[in-house]
Amino acid sequence: KEVIRLKEIVKNYKVGTQIVRALRSVNLVIHEGEYVAIMGASGSGKSTMMNVIGCLDTPTAGNYVLNGKDVSDLSDDELAEIRNSEIGFIFQTFNLMPRNTALENVMLPLVYAGVRKQERVERAEKILVNVGLEERMEHKPNELSGGQRQRVAVARALVNRPAILLADEPTGNLDSTTSEEIMQLFSEIHKQGNTLVVVTHEEDIARHAHRIIRLKDGQVESDIVNPNPVY
Ligand code: ADP
């Protein structure tokens, strides 16, 4: 099953009278259950691609079909709706609510989705156990380590059962040991059947993925199966 289809995607930015061509006719299909890393040098178009895939921005031209629905020309409100239901975001900076507990942070997407209280608690608890935070549910972000904070963010991203998990430099704020632990968690999440897209400039992170796409000057330079993904 196709989860992502990018067809001749172009993204231009206007800067004064100049046009920056950030994505130049990108074609790409990602199937359900794939674990993909998107790599490339600074300026190659990774963030732009992440913004398009994450429905944070619309392409200048081309078509983006996400989970069977063409989302190329939606309004901001419609895009926000799609983001909330189809995409689990994971950021370098975790982006947790500082005053809320781990459990409350993970329940939040379910509040927006209109899930009733008891089910919210049950699902959030279950997924926190899943990411190894059984003992930390009542802790607030500042009472957690960096790795634990990112685990909360992973749980929050997963709780809505999104079509894709989209991570942007997920280990950028973590030391190497903790990064490795988070990448192991990603591997487990992949094994459970989830579709993962990780945007990173770090080879050490990308080598966990099963498919590696490299961007150069806004185009796909290479797209290979990783023969030896790290678990
Ligand atoms: P990466 O994430 O790989 O560093 P980006 O997608 O951020 O690459 O950038 C791709 C190109 O688009 C670069 O030349 C960058 O300067 C340009 N760019 C990115 N965002 C904007 C923006 N908001 N306005 C104008 N140009 C942009």
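How each quantity is defined
- In this convention, every chain numbers its residues from 1, walking through the sequence in written order.
- Residue-level local features of this predicted model are given only where pLDDT is at least 70; pairs of side-chain atoms are given and counted only at 80 or more, and the full residue set underlies all totals for whole chains, interfaces and linings.
- Remark: hydrogens and water are excluded; side-chain values derive from all non-hydrogen atoms of the structure.
- UniProt positions are given in the numbering used here, feature names are shortened, and annotations may be inferred rather than shown by experiment.
- By definition, any uninterrupted DSSP run of H or I lasting at least four residues is a helix, any uninterrupted run of E lasting at least two residues is a strand, and each is numbered from the N terminus.
- A pair of strands counts as paired when DSSP detects no fewer than two bridges linking them.
- What goes into a patch is any residue over 30% in relative accessible area without a salt bridge, connected to like charges within 9 Å or, for nonpolar side chains (Val, Leu, Ile, Met, Phe, Trp, Tyr), within 5 Å.
- What sets the accessible areas is the Shrake-Rupley method with a 1.4 Å probe; for residues, cover comes only from the shown protein chains.
- Throughout this description, the term salt bridge denotes a Lys or Arg side-chain nitrogen within 4 Å of a carboxyl oxygen of Asp or Glu.
- For the purpose of counting charges, residues Lys and Arg are taken to be positive, whereas Asp and Glu are taken to be negative. His and the chain ends are not included.
- Charge positions are represented by NZ for Lys, CZ for Arg, CG for Asp and CD for Glu.
- Throughout this description, buried means an accessible area under 20% of the type-specific maximum (1.4 Å probe, protein chains only), exposed means over 50%, and partly exposed covers the range between.
- Polar contacts, as counted here, are pairs of nitrogen or oxygen atoms within 3.5 Å of one another; within protein the pair requires one atom able to donate a hydrogen and one able to accept it, and residues that are adjacent in sequence qualify only if both atoms are side-chain atoms.
- Residues are treated as being in contact if the distance between any of their heavy atoms lies within 4.5 Å.

As recorded in an unreviewed UniProt entry, the protein chain goes by Putative ABC transport system ATP-binding protein and comes from Mangrovibacterium diazotrophicum. According to the UniProt record, the Sequence similarities (unreviewed entry) comment for the protein chain is "Belongs to the ABC transporter superfamily. Macrolide exporter (TC 3.A.1.122) family."

Describe the UniProt feature "domain: ABC transporter" (unreviewed entry) in the protein chain, with residues and values.
Per the UniProt entry, the sites bearing "domain: ABC transporter" (unreviewed entry) are residues 4–229 in this numbering. Note that residues 4–229 is 34% helix and 30% strand, and that its end C-alpha atoms are spaced 22 Å apart.

Break down the sheet that holds strand β2 (residues 18–31) for me, citing the residues and quoting the values.
Hydrogen bonds between backbone atoms are what pair the strands of a sheet, whose relative direction is either parallel or antiparallel. If you trace the 4 strands from one edge of the open sheet to the other, you get β2-β1-β4-β5, paired in antiparallel fashion. Single-partner strands in this sheet number two, and they are β2 and β5 (69–70). Summarising the sheet, strand β1 (residues 2–15) and β2 pair through 10 bridges and their orientation is antiparallel. Bridge pairing links K11 to L23 in β2.

Which residues make up a negative patch on the surface, and what values do they have?
Negative charge collects at one region of the surface, where D76, D77, E78 and E81 lie side by side. Here E78 is to be found in helix α2 (residues 76–86). Taking relative accessible area as the criterion, E78 reaches 39% and is therefore assigned partly exposed.

Summarise the side chain of R156; cite the residues concerned and give the values.
Assignment of secondary structure puts R156 in helix α5 (residues 146–158). No salt bridge forms around the buried R156; measuring N to O, its nearest opposite-charge neighbour E104 is 12 Å away. Among the polar contacts listed, one links the side chain of R156 to the backbone oxygen of F94, at a separation of 3.0 Å. Apart from the residues lying within four places of it in its own chain, the contact partners of R156 are F94, N95, L96, N105, V106 and P109.

Could you give an account of the pairing of strand β4 (residues 61–66), with specific residues and numbers?
As paired strands, β1 and β4 are joined by 5 bridges and run antiparallel to one another. When the sheet's bridge partners are listed, L6 is paired in β4 with Y64. Direction of pairing for β4 relative to β5: antiparallel, over a ladder of 2 bridges. From the neighbouring strand, V65 faces β5, where its bridge partner is D70. Turn length for the β4-β5 hairpin, with the two strands adjacent in sequence and antiparallel, is 2 residues, and the turn residue N67 shows positive phi of about 50°.

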